[in-house]
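Chain and residue survey
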Amino acid sequence: MNHTTKILIIGSGAAGCTASIYAARAGLNPIMVHGLQPGGQLTITTDVENYPGFEHAIQGPWLMEQMEKQAAHVGTNIIHDIIMSVDFSQKELGRPFTAVGESGDSYVADTVVIATGASARWLGIPSEQKFSGFGVSACATCDGFFYKNKEVVVIGGGNSAVEEALYLANIASKVTLIHRRDSLRAEKIGQERLFAHPKISVIWDSAVEEFLGTENPNSLTAVRLKNLKTGAITDVKTDGAFVAIGHSPNTELFKGVITLDNDNYIVTEKGSTKTNIAGVFAAGDVQDKIFRQAVTAAGTGCMAALEAERFLSGH
């Protein structure tokens, strides 16, 4: 089946839904393709307390459900499919663009908004998924508030881990950084701040073997560590664990097609969502490696839709 639209939105997280809402209200009859994780990262987040407009904590999946309902209500055609290939080659002023879904359907669009998001890198041990949302998190700015005056651990040794540890030190009573090597990879200024902070300590040469806790309901109580030099196993009591080994933007589909930076994030013009291809825009975590928040993703989704509308008006 062939689908034709003025604007194709790839991805259905906060950026994709917001772009869809603005595009639909502009009369562009957008198509939004759900993607591999409908609703994006918020669908695996429990309590959300920092999204504007809500007095009390809301559930991430509920928030994305509301965004999608609004997008559909104003006229977005939402399709359950996964884009497997794209053709952004320049033809007739760069348009139309084509994409092919896992279903075999083709999508032909005058403009495209890429909102495929990013995925947190995880350790990949079975108990990690068991306690995800129940003490194990990959976002300190999202979930740190729930550990006020509690003890937490941060796993990692790069800039992300140091930044998370310093952020959590303003909230938690104690922060322990766990790193598998004997030195950090983070920038020196960040390391100096970390080592100087009275609430932060470091456990070196250690890897997490298992997350431990209670069941019914699941609740993290400790992390089991293995010293990679001695082989010694120890359990470290904790109320929360933050995995901070980086994020991976979902850009595999666009390699060799669109300009990516050294970390595979889509490069956009400063203060814009424009990519190197005229008529193709990128919004949300797929191009934002700094903030990675639902509200900033929504903001760039709005920008992308408005810029796509202006592009169409000018062509």
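Everything in this summary refers to the structure shown in the same document. Source: prediction; values computed, not measured. (Residues numbered from 1 in each chain as written. Predicted model: local features only at pLDDT ≥ 70, side-chain atom pairs only at ≥ 80, totals over all residues. Heavy atoms only, no water.)

1. Regarding the packing of aromatic side chains
Here is the rule: Pairs were defined over the aromatic rings of Phe, Tyr and Trp, the Trp ring being its six-membered one, requiring ring centres within 6.5 Å. Orientation was assigned from the angle between planes: stacked under 30 degrees, edge-to-face over 60, tilted for the rest. Helix and strand definitions follow DSSP, with helices as H or I runs of at least four residues and strands as E runs of at least two, each counted in order from the N terminus. Each residue's exposure class comes from its accessible area (1.4 Å probe, protein chains only) as a fraction of the maximum for that residue type: buried when under 20%, exposed when over 50%, partly exposed otherwise.
Considering all chains together, one arrives at 7 aromatic pairs under this definition. Plain terms: the ring middles of F88 and F254 are 6.3 Å apart, the flat faces sit at 15° to each other, and that makes the pair stacked. Linking F88 in the loop between β6 (83-87) and β7 (97-101) with F254 in the loop between β18 (247-249) and β19 (280-282), this pair joins segments that are 166 residues apart in sequence. F254 carries the same exposure label as F88, and that label is buried. Seen from their ring centres, F281 and F311 are 6.4 Å apart, and the 80° between their planes marks the pair as edge-to-face. Of the two residues, F281 sits in strand β19 while F311 sits in helix α7 (residues 294-314), which places them 30 residues apart along the sequence. Judged by relative accessible area, F281 falls into the buried class, the value being 2%. On the accessibility criterion, F311 (11% relative accessible area) is buried.

2. A few points about the sheet that holds strand β12 (residues 174-178)
Strands pair in a sheet through their backbones, by hydrogen bonds, and they do so in one of two ways: parallel or antiparallel. Quick note on the threshold: Strands were regarded as paired on the criterion that DSSP finds at least two bridges between them. Note on contacts: a residue pair is in contact if any heavy atoms of the two residues lie within 4.5 Å. Axis lines are fitted to C-alpha atoms, over the contacting stretch for helices. Their N-to-C directions set the angle, which ranges from 0 to 180 degrees.
An order of β10-β17-β11-β12-β13 is seen for the 5 strands of this open sheet, with the pairing classed as parallel. Edge strands, defined here as strands with exactly one partner in the open sheet, are β10 (136-137) and β13 (200-203). The pairing of strand β11 (residues 151-155) with strand β17 (residues 240-243) spans 4 bridges and is parallel. Of the residues in β17, the one forming a bridge with I155 is V243. The strands touched by helix α5 (residues 159-169) are β11, β12, β13 and β17; relative to β11, the strand with the most contacts, the crossing angle is about 170°.

3. A closer look at the pattern of salt bridges
Filter applied, for reference: Salt-bridge detection follows one rule: a side-chain nitrogen of Lys or Arg within 4 Å of a carboxyl oxygen of Asp or Glu.
Overall, the coordinates contain 9 salt bridges when judged by the stated rule. Salt-bridge contacts for K69 lead to E65; the nearest nitrogen and oxygen are separated by 3.3 Å. In this pair, K69 and E65 are both assigned in helix α2 (residues 60-73), 4 residues apart and thus about one turn of the helix distant. When its relative accessible area of 41% is taken as the criterion, E65 is described as partly exposed. Ionic pairing is found between E210 and R224, a salt bridge with its closest N-O pair at 3.7 Å. With E210 in strand β14 (residues 206-214) and R224 in strand β15 (residues 219-227), this pair connects stretches of sequence that are 14 residues apart. Each of D182, D205 and K229 takes part in a single network of salt bridges with overlapping partners.

4. Quick look at the packing of helix α1 (residues 14-25) against α7
Worth spelling out the cut-off: If you view the pair so one helix is near and one far, a crossing is left-handed when the near helix is turned anticlockwise from the far one by less than a right angle, and right-handed when it is turned clockwise.
Where α1 meets α7, the axes come as close as 7 Å, and the angle between the chain directions of the two elements is 35°. Between α1 and α7 the crossing geometry is right-handed. Across the interface between the two elements, A14, A15, T18, A19, Y22 and A23 from α1 touch A294, A297, A298, G301, C302, A305 and L306 from α7.

5. Quick word on the nonpolar core
The criterion, for reference: Definition of nonpolar core: a set of buried residues of the types Ala, Val, Leu, Ile, Met, Phe, Trp, Tyr and Cys, connected through side-chain atoms within 4.5 Å.
I7, I9, Y51, L63, M67, V113 and F281 are the most contacted members of the largest nonpolar core, which totals 28 residues. Here this core takes 7 residues from α7, the largest share from any one element. Counting 21 residues, the second largest nonpolar core, distinct from the first, contains I10, F97, Y107 and I277.

6. Describing the sheet that holds β15
Strand order in the open sheet formed by 3 strands is β14-β15-β16, with antiparallel pairing between adjacent strands. Of all strands in the sheet, those bounded by a partner on one side alone are β14 and β16 (233-237). Shown here is a sheet whose adjacent strand axes are inclined to one another by a mean of 30°, direction ignored. Relative to β16, β15 runs antiparallel, the two being bridged by 5 bridges. By the bridge assignment, A222 is partnered in β16 with K237.

7. Digging into empty space enclosed by the protein
The following threshold applies: A pocket here means an open set of points on a 1 Å grid, computed over the protein atoms alone, that has protein on both sides within 12 Å along at least five of seven lines. A cavity is instead a set of points where a 1.4 Å probe fits but cannot get out; residues with an atom within 4 Å of a point line either one. Grid points are joined across faces, edges and corners, and a volume is the space filled by probe spheres set on the points. We call Asp, Glu, Lys and Arg charged. Ala, Val, Leu, Ile, Met, Phe, Trp, Tyr, Cys and Pro are nonpolar, and the rest, Gly among them, are polar.
If you walk through the whole model with that rule in mind, you get 1 cavity of 30 Å³ or more. Here the largest cavity is characterised by a volume of approximately 40 Å³. Lining the largest cavity are A138, S160, E164, V243, A244, I245, G246, H247 and R292. The residue inventory of the lining of the largest cavity, partitioned by class, reads 4 nonpolar, 3 polar and 2 charged.

8. Structural notes on the layout of surface pockets
Its volume calculated, the second largest pocket comes out at about 270 Å³. Taken together, 15 residues line the second largest pocket, and the ones lying closest to its centre are Q287, D288, K289, I290 and F291. Class assignment of the residues belonging to the lining of the second largest pocket gives a composition of 6 nonpolar, 5 polar and 4 charged.

9. Some thoughts on helix α6 (residues 188-196)
For the record, the criterion: This arc corresponds to the set of directions leading from the helix axis out to the C-beta atoms.
Along α6, the positions that sit buried rather than exposed are G190, Q191 and L194. Buried residues along α6 cover an arc of 100° about the axis, so they all sit on one side. For α6, the exposed residues lying more than 90 degrees away from the buried face are K188, I189, E192, R193 and A196. Taken together, the buried residues of α6 touch α5, β12 and β13.

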